[in-house]
Amino acid sequence: GLMIRSLIALDSLDPGFHARNVLSMAVSVTGSPEAAPGRRAIFYSDLLEHIRAIPGVESASAINHLPLAGDMWGMSFRIAGRPEPKPGESPRGIYRIVMPGYFETMRLPLIAGRPVNQNDAATAPGVVVINQRAARRYWPGQDPIGQRISLGDPSQTYTIIGISADAKQSDWASEPMPEIYLAALQNKDFMEAPEAHFSYITLVAR
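Residues numbered from 1 in each chain as written. Predicted model: local features only at pLDDT ≥ 70, side-chain atom pairs only at ≥ 80, totals over all residues. Heavy atoms only, no water.

Thoughts on the overall build of the protein
Point 1. What the protein contains, in helices and strands, is five helices and eleven strands.
Point 2. Whereas a compact globule of 206 residues would reach a radius of gyration of roughly 17 Å, the protein reaches 18 Å, a difference of no more than 12%.
Point 3. The dimensions of the protein, computed from C-alpha atoms along their principal axes, are 55 × 45 × 30 Å.
Point 4. When the 206 residues of the protein are sorted by exposure, 44% land in the buried category.
Point 5. The contacts of the protein with a sequence gap of at least 6 include a subset with a gap of at least 24, amounting to 75%.
Point 6. Per element, the accessible surface of the protein, about 10900 Å² overall, is 56% carbon and sulfur.
Point 7. Distance between charge centroids for the protein: 4 Å, based on 19 positive and 20 negative side chains. (Helix = DSSP H or I, 4+ residues; strand = E, 2+ residues; numbered from the N terminus. Rg over C-alpha atoms; globule rule 2.2 N^0.38 Å. Buried < 20%, exposed > 50% of the residue type's maximum accessible area, 1.4 Å probe, protein only. Contact = heavy atoms within 4.5 Å. Areas by Shrake-Rupley, 256 points an atom, 1.4 Å probe, with all protein chains shown as cover. Lys, Arg positive; Asp, Glu negative; His and termini not counted. Charge placed at Lys NZ, Arg CZ, Asp CG, Glu CD.)

Thoughts on the packing of aromatic side chains
Point 1. For the structure shown, the criterion picks out seven aromatic pairs.
Point 2. The interplanar angle of 75° and the centroid separation of 5.6 Å between the aromatic rings of Tyr102 and Phe103 together place this pair among those described as edge-to-face. Each member of the pair, Tyr102 together with Phe103, is buried.
Point 3. Here the aromatic rings of Phe103 and Tyr181 are separated by 5.0 Å at their centres, their planes lie at 70°, and the arrangement is edge-to-face. Here Tyr181 lies in strand β10 (residues 179–183) and Phe103 lies in helix α3 (residues 102–106), a separation of 78 residues in the sequence.
Point 4. Accessibility expressed as a relative area gives 3% for Phe103, which makes it buried.
Point 5. Residue classification places Tyr181 among the buried positions, given a relative accessible area of 2%.
Point 6. An aromatic cluster is present here, built from Phe77, Tyr138 and Trp139 joined pairwise through their rings. (Phe/Tyr/Trp six-rings, centres within 6.5 Å; stacked < 30°, edge-to-face > 60°.)

Section: helix α2 (residues 40–52)
Point 1. The terminal C-alpha atoms of α2 lie 18 Å apart, and with 13 residues this matches the ideal 18 Å at 1.5 Å per residue to within 8%.
Point 2. Those residues of α2 that fall on the buried side of the exposure criterion are Arg40, Tyr44, Ser45, Leu48 and Ile51. Looking straight down α2, one finds its buried side chains confined to an arc of 125°; they lie on one side.
Point 3. On its buried face, α2 sits against β2 (60–63), α5 (188–192) and β11 (200–205). (Expected span 1.5 Å × (residues − 1). Arc of directions from axis to C-beta.)

Some words on the side chain of Asn64
Point 1. For Asn64, the position within the fold is in the loop between β2 and β3 (74–76).
Point 2. Asn64 gets classed as buried once you look at its relative accessible area, which sits at 2%.
Point 3. Within the structure, Asn64 has its side chain in polar contact with the backbone nitrogen of Ile97 (distance 3.0 Å).
Point 4. In this view, Asn64 contacts Trp73, Tyr95, Arg96, Ile97, Phe190, Tyr200, Ile201 and Thr202; residues no more than four positions away in its chain are not counted. (Polar contact = N/O pair within 3.5 Å; in protein donor to acceptor, adjacent residues only side chain to side chain.)

Quick look at the nonpolar core
Point 1. Judged by nonpolar contacts, the single largest core of 36 residues is most densely connected at Phe77, Met99, Ile130, Trp139, Ile149, Ile180 and Leu182.
Point 2. Not counting residues within four places of it along the chain, the set of residues in contact with Ile149 comprises Phe77, Arg78, Ile79, Ala80, Val128, Trp139, Gln156, Thr157, Tyr158, Ile160 and Ile180.
Point 3. Of all hydrophobic cores here, the second largest spans 18 residues; its members include Leu66, Phe103, Val129 and Ala183. (Core = buried A, V, L, I, M, F, W, Y, C linked by side-chain atoms within 4.5 Å.)

A closer look at the pattern of salt bridges
If charged atoms from side chains of opposite charge come close, those side chains can pair.
Point 1. Evaluated as defined, the whole model comprises seven salt bridges.
Point 2. The salt bridge partner of Arg107 is Glu58, with a shortest N-O separation of 3.2 Å. Taken as a pair, Arg107 in the loop between α3 and β6 (110–113) and Glu58 in the loop between α2 and β2 lie far apart in primary sequence, 49 residues in all.
Point 3. Residue classification places Arg107 among the partly exposed positions, given a relative accessible area of 42%. (Salt bridge = Lys/Arg side-chain N within 4 Å of Asp/Glu carboxyl O.)

As for empty space enclosed by the protein
Point 1. Scanning all chains against the criterion turns up one cavity of 30 Å³ or more.
Point 2. Considering only enclosed or pocket space, the largest cavity measures out at about 30 Å³ in volume.
Point 3. Surrounding the largest cavity, Phe17, Pro67, Arg96, Tyr102, Met106, Leu108, Ala167 and Tyr181 form its lining.
Point 4. Split by residue class, the lining of the largest cavity holds seven nonpolar, no polar and one charged. (1 Å grid on protein atoms, 1.4 Å probe; cavity = no way out; pocket = protein on both sides within 12 Å on 5 of 7 lines; lining within 4 Å. Points joined across faces, edges and corners; volume = space filled by probe spheres on them. Nonpolar A, V, L, I, M, F, W, Y, C, P; charged D, E, K, R; others polar.)

Read these as spatial facts, not as claims about activity.
See below:
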């Protein structure tokens with residue numbers, strides 16, 4: 001009885017997105033000509049255009065790690081205009097790399113601002129979307145849209161362009177942590193780095 005009640009309770013939880021009718025597939029460019037720097041962005045963009053053209057497909061995009069897929073990467077960041085944080089007190093969040101159309105495809109609502117789009121390319125100013133949990137924790141009572149953060153290299157800043165609803169991350173029961181979505185086309189690691197964990201991406205098609 002307890003097990004059944006627990007399953008019913010989990011089934012009633014809102015993951016923040018709508019996975020029904022969404023197909024996913026991991027695609028790796030390892031060992032192929034598309035793994036070369038300068039070719040991945042073209043390959044991923046062309047691949048998504050082909051998928052979007054398939055009859056019955058409403059939208060398509062890609063992400064490094066799907067929510068609830070069991071793989072999460074965390075990163076500390078700095079908020080521009082604020083004092084240098086003490087050791088161990090830097091803001092921190094889960095970070096994901098997304099192609100244009102991800103929020104629309106997953107039906108992950110934006111609370112404010114705009115999503116990552118095709119104009120957020122390597123030559124454009126860096127942008128990120130954060131989730132509600134990050135907005136409330138690190139900008140309480142403020143509007144984070146237009147604020148800038150840096151990840152790793154303090155000279156490379158990203159402007160917050162949108163706030164998404166919170167989505168489940170590692171499991172159904174845990175509360176979401178602060179989360180940052182970076183534009184894949186602006187991320188040199190995912191577009192150029194040779195390491196295997198940077199040379200694949202997960203497609204999503206609704």
